[in-house]
Amino acid sequence: MKRKFKILNIDHKNMDWEKRCIKHSTEGIFLPGFSGLASPYWRGGFDDIYWELKKNNANSIIRAGMESIGFLVYDIINTIQPILKSNPTKLYASGGGARVPLLQFISNLLKIPVENSSMKDSTAFGLYKLLNPNYNYPNIKSNQIFFPSKMNMNKKIKQWHAAISSIKKC
């Protein structure tokens, strides 16, 4: 049985979202609503939101979906900022979602380097580093470090927050 992403009309095995995102940009925002939004919003399921995004371009939808992960990371970091001992100077990422276009996007949003670590499950370590920035763990091997570009992300951030505000309260 072939699994298809219905709105995109793409077979699962042909999705290859990294290749579709790396060479594509979008002006819009996509909020996938099927399972809702977790931290820091905690909103239950809702209809997908296509904010200033055309539904007829599969690569735009895929890119905007990838960006929605980056926006959530951005909002989580901003939410925990008041309890951090200092501003983060680097973010660590690993795992299946740690793909080139996403990590570069997060670096551009946060305006700090994002390191793709070879450490398995560096999520807990990354959180520990945010809370304890002076801790020095000597054995982390880096696959790649993404440095922020000079792109102005303010318009996209405002669009993201406008799209979030449009979600009906559950």
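To start, this report covers the structure provided alongside it. (Residues numbered from 1 in each chain as written. Predicted model: local features only at pLDDT ≥ 70, side-chain atom pairs only at ≥ 80, totals over all residues. Heavy atoms only, no water.)

### Some words on the overall build of the chain
Line of reasoning, step 1. From N to C terminus, the chain includes 5 helices and 7 strands.
Line of reasoning, step 2. Going from the N terminus to the C terminus, the chain shows its helices and strands as β-β-α-β-β-α-β-α-β-α-β-α.
Line of reasoning, step 3. Scaling as 2.2 N^0.38, a compact globule of 170 residues should have a C-alpha radius of gyration of about 15 Å, and the chain matches this with 17 Å.
Line of reasoning, step 4. C-alpha extents for the chain along the principal axes are approximately 45 × 35 × 35 Å.
Line of reasoning, step 5. When burial is assessed residue by residue, the chain has 43% of its 170 residues classed as buried.
Line of reasoning, step 6. For the chain, the share of sequence-separated contacts (at least 6 apart) that also reach a separation of at least 24 residues comes to 70%.
Line of reasoning, step 7. For the chain, the distance from the average site of its 25 positive side-chain charges to the average site of its 11 negative ones is 2 Å. (Helix = DSSP H or I, 4+ residues; strand = E, 2+ residues; numbered from the N terminus. Rg over C-alpha atoms; globule rule 2.2 N^0.38 Å. Buried < 20%, exposed > 50% of the residue type's maximum accessible area, 1.4 Å probe, protein only. Contact = heavy atoms within 4.5 Å. Lys, Arg positive; Asp, Glu negative; His and termini not counted. Charge placed at Lys NZ, Arg CZ, Asp CG, Glu CD.)

### Section: the sheet that holds strand S7 (residues 142-146)
Consider a sheet: its strands pair through backbone hydrogen bonds, and that pairing is either parallel or antiparallel.
Line of reasoning, step 1. Spatially, 3 strands are ordered S5-S6-S7 in an open sheet, and the strand pairing comes out mixed. At either end of the open sheet lies a strand with only one pairing partner, and these are strand S5 (91-93) and S7. Here the strands of the sheet are splayed against their neighbours by 25 degrees on average, with no regard to which way each runs.
Line of reasoning, step 2. Examined bridge by bridge, strand S6 (residues 114-117) and S7 share 4 bridges and lie antiparallel to one another. Directly across from Asn116, in S7, lies its bridge partner Gln144. (Pairing = 2+ DSSP bridges. Axes fitted to C-alpha atoms, helices over the stretch in contact; angles between N-to-C directions.)

### Quick word on the nonpolar core
Line of reasoning, step 1. The biggest cluster of nonpolar side chains holds 43 residues, and the ones touching the most others in it are Leu31, Leu37, Leu91 and Trp160.
Line of reasoning, step 2. Of all the secondary-structure elements, those providing two or more residues to this core are strand S3 (29-31), strand S4 (49-51), helix H2 (58-80), S5, helix H3 (100-110) and helix H5 (154-165).
Line of reasoning, step 3. It is H2 that provides the largest number of residues to this core, a total of 10 residues.
Line of reasoning, step 4. Excluding residues within four positions of it along the chain, Leu31 makes contact with Leu37, Phe46, Asp48, Ile49, Trp160, Ala163, Ile164 and Ile167. (Core = buried A, V, L, I, M, F, W, Y, C linked by side-chain atoms within 4.5 Å.)

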